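Structural overview for review
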Amino acid sequence: MPTSSASTTDAKPAAASGGVQSLERAFDLLERMADAGGEVGLSELSASSGLPLPTIHRLMRTLVACGYVRQQANRRYALGPRLIRLGESSSRLLGTWARPYLARLVEETGETANMALLDGDEIVYVAQVPSKHSMRMFTEVGRRVLPHSTGVGKALLAHVPADEVRALLSRTGMPAATEKTITTPEGFLSALEEVRSAGYAVDDNEQEIGVRCLAVSVPNSPTAAAISISGPAGRVTETATERIVPVLQQVAVELSEALASSDRPPERQLGLGGLSAGSGSAT
């Protein structure tokens, strides 16, 4: 699955003290474990990080004692359960930070705006700002869906290697939500090629009849993320797509820059209230 860009130890600035350096190295090892699928051996970590085995062993012992890593029966190390709580909290915070950007999407496109993450094999929605139209789309924050029938799913998987996409689809299956849902791996891989070529993804009545969604990934996000707008097919037309996609792409870039900044993103927070009388679709 998409990986974070953990840099090598040599590329990192020198730490101010031994304690800070150990902390940096511990987080680097956790990121490398995540990039490797969540389970690695010490020799693999040593090869990728450039750290000596005794240093890695000492750091891993500390992480195991804290519950952030656990040692498997095969002597390999896996990410531990205490990270789940941190992940859930950070996902909620990421959604909070994204809301001002989603609000801008609503103002400029008129449609409901969403943010979603790739969590394992599923898409999870972490933020939404609803459209001001009386007929509008909504998706419950925290909802999980399969990626093959959603615009955000296509955007998030577009740059994942084909063999990994096939493996994911074999685990989840490809149930049809509507008569337009893509239900074959070949069809989905072809759709991902279109996403790479166009620079955005479309859910055209694939999750729910009468609903269209446009989505783009957030470049260089610390975790795989995408933003989207969704609305009735009668409003999100091909002509509207030409106007909406550049806005989506620009907002995605600005959100990416804010997440990468050492400063906190804008303080302005927007609520997620006002669920509509419209459709409860995932986009």
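Quick caveat: nothing in here was measured; it's all calculated off a predicted structure. (Residues numbered from 1 in each chain as written. Predicted model: local features only at pLDDT ≥ 70, side-chain atom pairs only at ≥ 80, totals over all residues. Heavy atoms only, no water.)

**Brief notes about helix 3 (residues 53-66)**
End to end, helix 3 covers 20 Å across 14 residues, agreeing with the expected 20 Å (1.5 Å per residue, within 8%). Of all the positions in helix 3, only T55, I56, L59, M60 and L63 are classed as buried. Down the axis, helix 3 shows its buried residues gathered within 125 degrees of arc, on one side only. What points out from helix 3, more than 90 degrees from its buried face, is the exposed set P54 and A65. (Helix = DSSP H or I, 4+ residues; strand = E, 2+ residues; numbered from the N terminus. Expected span 1.5 Å × (residues − 1). Buried < 20%, exposed > 50% of the residue type's maximum accessible area, 1.4 Å probe, protein only. Arc of directions from axis to C-beta.)

**Some words on the sheet that holds strand 6 (residues 144-145)**
In spatial order, the strands read 6-5-4-9-8-7; together these 6 strands make up an open sheet with antiparallel pairing. Here the strands that pair on one side only, and so sit at the sheet edges, are strand 6 and strand 7 (201-204). As defined by bridge partners, strand 4 (residues 112-119) adjoins strand 9 (residues 225-232) across 6 bridges and the pair is classed as antiparallel. Along strand 9, the bridge assignment pairs T112 with S230. Against the sheet, helix 8 (residues 238-260) contacts strand 4, strand 8 (211-217) and strand 9, and its axis sits at roughly 35 degrees relative to strand 8. (Pairing = 2+ DSSP bridges. Contact = heavy atoms within 4.5 Å. Axes fitted to C-alpha atoms, helices over the stretch in contact; angles between N-to-C directions.)

**Quick word on helix 2 (residues 42-49)**
Turning to helix 2, its buried residues are L42, L45, S46 and S49. Along the axis of helix 2, the buried residues cluster in a sector spanning 100 degrees; they form a single face. Every exposed residue of helix 2 that faces more than 90 degrees away from the buried side is listed here: S43 and A47. Immediately downstream of helix 2, the backbone of G50 shows phi near 80 degrees, a positive value.

**A short note on the environment of V216**
With respect to the helices, strands and loops of the structure, V216 is situated in strand 8. When its relative accessible area of 4% is taken as the criterion, V216 is described as buried. Each C-alpha atom of the pair V216 and A155 lies 5.4 Å from the other, and the pair is 61 residues apart in sequence. For V216, the residues in contact, after removing those within four places along its chain, are A155, G199, Y200, A226, I227, L248, Q249 and A252.

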